[in-house]
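# Coordinate inspection notes
Here is what each chain is made of, one letter per residue.
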Number of protein chains: 2
Amino acid sequence: MSVALKPTRREEIVTAAGELFSKRGFHGTSMRDLGKHIDLRGSSLYAHFASKDDLLWAIVDGAARAFVAAADAVAPELKPTAKLTALIEAHLRVIGSELPYATVFFNDWSHLSDTRKQHLIAMRDDYQRRFADVIAAGAALGEFGAVDVDLATLVVLSALNYSYQWLDPDGRLGHAELAAAIAGQLIGGLRDPQTSIALTPTSTARAK
Amino acid sequence: MSVALKPTRREEIVTAAGELFSKRGFHGTSMRDLGKHIDLRGSSLYAHFASKDDLLWAIVDGAARAFVAAADAVAPELKPTAKLTALIEAHLRVIGSELPYATVFFNDWSHLSDTRKQHLIAMRDDYQRRFADVIAAGAALGEFGAVDVDLATLVVLSALNYSYQWLDPDGRLGHAELAAAIAGQLIGGLRDPQTSIALTPTSTARAK
DNA sequence: CCTACCGATCGGTAGG
DNA sequence: CCTACCGATCGGTAGG
């Protein structure tokens, strides 16, 4: 919440950690490396975080909460198409506006301690259900076709999540245009999923 | 190619590294850890690989080649819709059949040495172009709508790539069904992208 | 492929 | 927030 002016030392640490972890990975960054970036001894970081895992958790949990908060801000009374559009826009906004944190979130969540990993998975399942519910409602109302809701949800969220790899806040398209185009494409796929074309049996050989 | 019987020691190492790196990450796995899993001292691994980076490269380059080989096996004369379906199926087949390698490919490619990273990015750009070309051809022929080709390509490949996180070779759906459903959804989005709905200005507050 | 070893570095603590 | 330090471990090499 308080971000703009006079970041606390703790915030400074989290910001720097977000940048370093996102570039070199959690295990590829040492506490000493991190300290150097904010003129602090590595050992002094432990006055603010009891462990490296706690620091990772600050980032990952913060990102998870940002996703939930953005989805919470979507008007609940919207019809499925409009609601899914808003959810997609919100999701992309969080990724785009907090790219280093989003990168750490997606790349390094698996290196959290077991308890926290479980906690995070529960949060993710909840979050995912919001998308699934909207897609199911859209299918029920005829706004979307008769899709496999769980699979369709995974496809939509996959397309959104992987965008942390290529989203460019300073890119050719502004956020609104980008989000609208992506939402349009993903929702088009829900409205009119194509029935499968018989696949020619391509190479049956395993590639390796 | 030679996989079924009597793996060489080198293959054994790569297989074990694929499993460990995919679980704990490249920097989270030590050469000694790896050695233990195949009854070898960590130092003995250096008789087969000159460096840990070489070992990561064996995995990542192998996965990259598998993607290219699978795409090469797609009949070139197919019309855009059928061709894109086949490309999607091929991409998912590589991920699903080599899940640990695919996981390392997507999670740890950024930890390669700079030269190799550059090499890999060039391969990826080539590979990506195959998808972009088919989508552009489809748009030109009217099989697809007038999409932003580069963006539409990123959305399709993002949806496919992130699937390494949840694809389950022993899951509810078989590979063919799964691939057909995913391809149907993604191609539906290219055929009939929805024009954007005016977005209500949801929370303008940054989430963090 | 092993033993023995290198210098460097790791996450973290004690005690101020 | 620092100095000094802990035991453990890292990637990698020498020499067989």
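Figured I'd write up the structure that's included with this text.

Criteria and cut-off values
- The written sequence of each chain sets the order in which its residues are numbered from 1.
- All chains are assigned letters beginning at A, and all ligands numbers beginning at 1, according to the order in which they are written.
- In view of the model being predicted, local features appear only for residues whose pLDDT reaches at least 70, and side-chain atom pairs are presented and counted only at 80 or more, with totals across whole chains, interfaces and linings using the full set of residues.
- Values reported for side chains reflect all heavy atoms of the structure, with hydrogen atoms and water molecules removed beforehand.
- Note on contacts: a residue pair qualifies if any of its non-hydrogen atoms lie within 4.5 Å across the two residues.
- Take a side-chain nitrogen of Lys or Arg and a carboxyl oxygen of Asp or Glu: if they are within 4 Å of each other, that pair is a salt bridge.
- Under this definition, polar contacts are N or O atom pairs within 3.5 Å; protein pairs additionally need one hydrogen-donor-capable and one acceptor-capable atom, and for neighbouring residues in sequence, both atoms have to be side-chain atoms.
- A run of H or I in DSSP becomes a helix once it reaches four residues, and a run of E becomes a strand once it reaches two; helices and strands are each numbered from the N terminus.
- When residue character is reported, Ala, Val, Leu, Ile, Met, Phe, Trp, Tyr, Cys and Pro are called nonpolar, Asp, Glu, Lys and Arg charged, and the others, Gly included, polar.
- Classification of residues uses two cut-offs on accessible area relative to the type maximum, computed with a 1.4 Å probe and protein chains only: under 20% is buried, over 50% is exposed, and between them is partly exposed.
- Aromatic pairs are defined between Phe, Tyr and Trp rings, using the six-membered ring for Trp, whenever the two ring centres lie within 6.5 Å; interplanar angles under 30 degrees are classed as stacked, those over 60 as edge-to-face, and all others as tilted.
- Charge-over-ring contacts are defined here by two conditions on Lys NZ or Arg CZ: a distance within 6 Å of the ring centre and an angle within 35 degrees of the ring normal.

A few words now on the interface of chain A and chain B. On the chain B side, the residues contacting the 64 residues of chain A number 65 residues. Between chain A and chain B we count two salt bridges in total. Here A:Asp148 and B:Arg172 are joined by a salt bridge, their closest N and O atoms 2.9 Å apart. Run the count over chain A and chain B and you get 12 residue pairs in polar contact (both at pLDDT 80 or more). Those elements that place two or more of their residues in the side of chain A that touches chain B are helix H3 (52-72), helix H4 (80-97), helix H5 (99-108), helix H7 (149-161) and helix H8 (175-191) of chain A. Examining the composition of the side of chain A that touches chain B, we find that 12 residues originate from one element, H8(A), more than from any other. Looking at the side of chain A that touches chain B, its residues break down into 32 nonpolar, 21 polar and 11 charged.

Our next topic: the side chain of A:Gln185. With respect to the helices and strands, A:Gln185 occurs in helix H8. Look at A:Gln185 and you get buried, because its relative accessible area is 6%. When neighbours within four sequence positions are excluded, A:Gln185 is seen to be in contact with B:Leu151, B:Ala152, B:Val155, B:Val156, B:Gly189, B:Leu190 and B:Pro193.

Moving on, we come to the packing of aromatic side chains. Residues and elements named next belong to chain B. As enumerated under the stated definition, the model contains 18 aromatic pairs over all chains in all. Summarising the aromatic geometry, the rings of phenylalanine 21 and phenylalanine 26 are spaced 5.2 Å apart at their centres and angled 85 degrees between planes, so their arrangement reads as edge-to-face. Accessibility expressed as a relative area gives 5% for phenylalanine 26, which makes it buried. Ring geometry for phenylalanine 106 against tyrosine 164: centres 5.2 Å apart, planes inclined by 20 degrees, an arrangement best described as stacked. Pair noted here: phenylalanine 106 is in helix H5 (residues 99-108) and tyrosine 164 is in the loop between helix H7 (149-161) and helix H8 (175-191), with a separation of 58 residues, a long-range link. Judged by its relative accessible area of 8%, tyrosine 164 falls in the buried class. The lysine or arginine in question, lysine 52, covers the ring of phenylalanine 26, its NZ or CZ lying 4.3 Å from the ring centre.

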